[in-house]
Amino acid sequence: MPEKYSRRNFLRLSAALVAGGAAAADPERAKAIGYVPEKADEPVRLVKGYCPFCQVRCTYHARMRGKKILSIVGDPDNYWTGGAMCPKGMSMLELLDSPYRITEPMEHLPDGTWRRISYERAVDMVVERMREVKAKYGPKGGNRVAITMPLWDCFESEVAALMALRTVDCVHAMPPGETCVSTASNMLGSMLGVNSGSCKVDELLNTKLIVLWGANVNDLYPPYTRWLKAARERGSRIIYIDPRKTRTSLWCDTQLRPQPGTDGVLAAGCIRYIIKKGAYDPERVAFQVEDPENLAKYSEKFTPDYVQSVTGLALDEILDLYEAVASSDRTIMWLGGALSRQTNGITTTRTIILIQALRDNLIGKGRGMLTFQSGKPGGGEELVDEYFGENKTPKMNFRRLRMAMSKGNLDILFLNSSYRRNPDAKGVRDAIKKVPFVVHMGFFLDEESEVSTLFIPATFGPESQGCGYGNENQVAWREKLVEAPGSCVPAWQFYRDIGRKMDPERYPDFKDPEALCRLMQQKVPSWKGITMERLRSSSTVLWPIYEVGGAERAGSVFTEGKLLTPTGKMACADRVFGDMSKWDYPKGHPKAKGSKPEFPLILTQGKQLWHWHQTMTNFAKSIAQFSNGRFVQVNPETAQALNLHQKDKVMLETMMGGIECWVDITDTVLPGAVFTPANLCRTTPLAENRSESICNILPNYWDRISAQHNCVGCRLRKL
């Protein structure tokens, strides 16, 4: 009989398979399992790698002796980070040898137990299901299969997965950005012709004014704080717009704290101020804006008094911001992800971009837009099309995927990124349960494992080579440093093995990421100059490079002096997305139409310095020492009105349900608003990181582009 595993046995098995890492500190245990330590007299060498977590994509040097990593240190030659790394990245070594790590493929049985299977059997099970779908539905079978992206292993893993999907005519790869940056990405794409930052972060050194509009740089991208510091030293003024005080507040000259969800009004008022003052060049505005005459009409109602009444800001704060923007001829605005997490985020983002166009601060040195999103290099889908033909099928977004799952119209789901990223996470979980075959590639027994049919144990970065991508369109190369424990496999290998069995005629036969990367260089023009030699000798390389030995593209993307839209211009109003005059409170906000008076507080949530948005860092003790579990920050004025005291236990409730929290009374949040961390995990054994997902109690609100998380009404009920 095949062996079955309960949750406890599942973890015990995993711990035993990585016992070598722990045995080094226990001679008796080492002797019992035959562990042989590395020789102390072997020379220490440095091998390069990169952090797999946020989009800064820090590179590091691993200090190695034999086949063991002794430590990792930030790469001082990395131009973008200067050798800095944050607590998330430094937790990698602990996670590699985590006793909680799952290291063998498992099949989830109907009775809830797990059965260990071989890797080969796991691949065969996937192939069998994919062949069934293809045989039953033919070309339409592609709509019965989907994958949630990205695969954090490496860029090559994503390409390998996309090709595996195409063996059943599937193109439905769900980008994780739908829950964080999709609004900004789409608005930048439609208005500027580029869906990420229009300049590199080092352009901060050439600007006079930096407006961090919700961009909490120090907490989310801590290594990039160096660019704020350097810009200030060169005389740049930094204005930070965020309802909450954060570590970034310390690096700025001025902070404005508008009521959550009201940034669009503040931005529209800025346009009105600039027009009334005449602080713009009509010819330059007409060069970049299709209908510049509408700017005055759409912004007319946003007087300083009206802006003050909505945002709660003091009049002198508002006018100081407006005058700073109106008088600066070199301004960079950095959009935070929070702006994309409200149903009025489209209006807000469009209006901020229009400010830059009105002041002619989009094109040229020290001007532009920065975003909190990945500058993912293109070319991956180009390579997929090279082998499988041009894709002409529209891709499904996550909203449509959820509907397909709920209706029983999806047969196979490859579940890579966490479903708990999405609002109404319980509803998403219920939808996933209706998919008959769910494959989760991961590291720990987490919420994704619980709804999966197959668990495939993945590799951490140092256990496989490959390219990582990040902001500034960086490409960083990582060598394989150590062997993975048990039967852990890198994602590129898993999807390659599926693809080769499904369609050996079309699926390319590559042996490792280097071989696939070389195919990119041979077949994708924008990768031609990103050679293996260049990747190995550099901390990072900026995509695209069209010629071997070609220069990296820095500065503004508008190298021809005009926007990259089809017309070279942007529109004030959009037939689908409207115009700034249509601004309203975010859906679900206590002041929005139809709001429920029993939920009078504004709920905001977001990332913390020490937590990534996936589950990995929740399993690290080195991270847990900084974490405080599920807390809710409350302003002293709000706490007094609710008779709350420090450390009180409360139920944080929305119309969707409640989560237990402890109260942290602080002036870092505004009266009438509360804040709670986004990235905690119910299944971690570390109590400091443990909580139900906040998305469990967030309603399934979508704007026309993306899922929304912030500014819904809530209440605190004392326990």
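Residues numbered from 1 in each chain as written. Predicted model: local features only at pLDDT ≥ 70, side-chain atom pairs only at ≥ 80, totals over all residues. Heavy atoms only, no water.

Counted according to the given criterion, the structure contains eight cavities of 30 Å³ or more. For the largest cavity, the calculated volume is near 270 Å³. If you trace the largest cavity, you find 23 residues lining it, with Trp152, Met441, Gly442, Phe443 and Met616 closest to the centre. No other element matches the three residues that strand 15 (residues 437-442) contributes to the lining of the largest cavity. Here the lining of the largest cavity is built from residues that sort into 12 nonpolar, eight polar and three charged. (1 Å grid on protein atoms, 1.4 Å probe; cavity = no way out; pocket = protein on both sides within 12 Å on 5 of 7 lines; lining within 4 Å. Points joined across faces, edges and corners; volume = space filled by probe spheres on them. Helix = DSSP H or I, 4+ residues; strand = E, 2+ residues; numbered from the N terminus. Nonpolar A, V, L, I, M, F, W, Y, C, P; charged D, E, K, R; others polar.)

Our next topic: helix 11 (residues 263-277). Taking 1.5 Å per residue, 15 residues should reach 21 Å; helix 11 reaches 21 Å between its end C-alpha atoms and fits that length. Among the 15 residues that make up helix 11, 12 are buried, leaving the element largely enclosed by the rest of the structure. Among all positions of helix 11, only Asp263, Gly264, Val265, Leu266, Ala267, Ala268, Gly269, Cys270, Ile271, Arg272, Ile274 and Ile275 are buried. Directly beyond the C-terminal end of helix 11, a positive phi value near 75° is found at Gly278. (Expected span 1.5 Å × (residues − 1). Buried < 20%, exposed > 50% of the residue type's maximum accessible area, 1.4 Å probe, protein only.)

What follows covers the pattern of salt bridges. Taken as a whole and assessed by the stated rule, the structure comprises 40 salt bridges. Of the charged contacts in the structure, one is a salt bridge between Arg144 and Asp411, with a shortest N-O distance of 2.9 Å. Taken together, the residues span a long stretch of sequence, with Arg144 in the loop between helix 6 (119-137) and strand 7 (145-148) and Asp411 in the loop between helix 18 (398-406) and strand 14 (412-415) at a distance of 267 residues. The partner of Arg420 in a salt bridge is Glu448, and the shortest N-O contact between them spans 2.5 Å. (Salt bridge = Lys/Arg side-chain N within 4 Å of Asp/Glu carboxyl O.)

When you line up the elements, His61 lands in strand 3 (residues 59-65). If near-sequence neighbours (up to four positions away) are discounted, His61 is found in contact with Leu46, Val47, Lys48, Ser71, Ile72, Val73, Asp75 and Pro76. (Contact = heavy atoms within 4.5 Å.)

We now examine the packing of helix 11 against helix 16 (residues 345-358). The relative placement of two packed helices is expressed as an angle between their axes plus a distance between the axes. Close contact between helix 11 and helix 16 brings their axes to 8 Å; oriented N to C, the two are set at 25°. Between helix 11 and helix 16, the crossing angle belongs to the class labelled roughly parallel. Along this stretch, helix 11 crosses helix 16, giving a crossing that reads as left-handed. For the pair helix 11 and helix 16, contact is made by Asp263, Gly264, Ala267, Ala268, Cys270, Ile271, Ile274 and Ile275 and by Thr348, Thr351, Ile352, Leu354, Ile355 and Leu358, respectively. Across the contact of helix 11 with helix 16, the residue classes tally to 10 nonpolar, three polar and one charged. (Axes fitted to C-alpha atoms, helices over the stretch in contact; angles between N-to-C directions. Parallel < 35°, antiparallel > 145°, perpendicular 65-115°, else oblique. Left-handed = near helix turned anticlockwise from the far one by under 90°.)

Considering all chains together, one arrives at zero disulfides under this definition. Summary of cysteine pairing: Cys517 is not part of a disulfide, and the nearest cysteine sulfur, belonging to Cys467, is at 3.7 Å. Cys517 sits in the buried class, given a relative accessible area of 1%. As a non-bridged cysteine, Cys681 has Cys695 as the owner of its nearest cysteine sulfur, 13 Å distant. Residue classification places Cys681 among the buried positions, given a relative accessible area of 0%. (Disulfide = S-S within 2.5 Å.)

As a further point, take the nonpolar core. One finds Trp334, Phe414, Phe494 and Tyr495 to be the most contacted residues of the largest nonpolar core, which totals 118 residues. Counting 57 residues, the second largest nonpolar core, distinct from the first, contains Ile241, Val325, Leu362 and Met369. (Core = buried A, V, L, I, M, F, W, Y, C linked by side-chain atoms within 4.5 Å.)

Moving on: the environment of Val127. Examined against the element boundaries, Val127 turns out to sit in helix 6. Val127 sits 374 residues away from Lys501 along the chain, and the two C-alpha atoms are 7.1 Å apart. Apart from the residues lying within four places of it in its own chain, the contact partners of Val127 are Ile498, Lys501 and Met502.

Let us look at the packing of aromatic side chains. Scanning the model with the defined rule gives 22 aromatic pairs in all. Ring geometry for Tyr273 versus Tyr322: centroids 5.7 Å apart, planes at 45°, classification tilted. In this pair, Tyr273 is assigned in helix 11 and Tyr322 in helix 15 (residues 315-327), connecting sequence segments 49 residues apart. By relative accessible area, which is 0% here, Tyr322 ends up buried. (Phe/Tyr/Trp six-rings, centres within 6.5 Å; stacked < 30°, edge-to-face > 60°.)

This paragraph deals with the pairing of strand 7. Looking down a regular strand, the side chains alternate between one sheet face and the other. The two faces of strand 7 match: Val145 and Ile147 on one face and Ala146 and Thr148 on the other face are all buried. Sheet topology note: the strand 7/strand 14 ladder contains four bridges and is parallel. In the strand pairing of strand 14, Ile147 is matched with Phe414. Direction of pairing for strand 7 relative to strand 8 (residues 173-174): parallel, over a ladder of two bridges. Each bridged residue has a counterpart across the sheet, and for Ile147 the counterpart in strand 8 is Ala173. The β-α-β motif built from strand 7, the intervening helix 7 (residues 155-166) and the parallel element strand 8 has right-handed crossover chirality. (Pairing = 2+ DSSP bridges. Right-handed = clockwise from strand over helix to strand, strands pointing away.)

Moving on to helix 14 (residues 304-311). Residues Val307, Val310 and Thr311 constitute the buried set of helix 14. The buried residues of helix 14 occupy an angular sector of 85° when projected down its axis, which confines them to one face. Relative to its buried face, helix 14 has exposed residues pointing more than 90 degrees away, namely Asp305 and Ser309. Looking at the buried residues of helix 14, the elements they touch are helix 11 and helix 15. Positive backbone phi, approximately 80°, marks Gly312, located one or two places after helix 14. (Arc of directions from axis to C-beta.)

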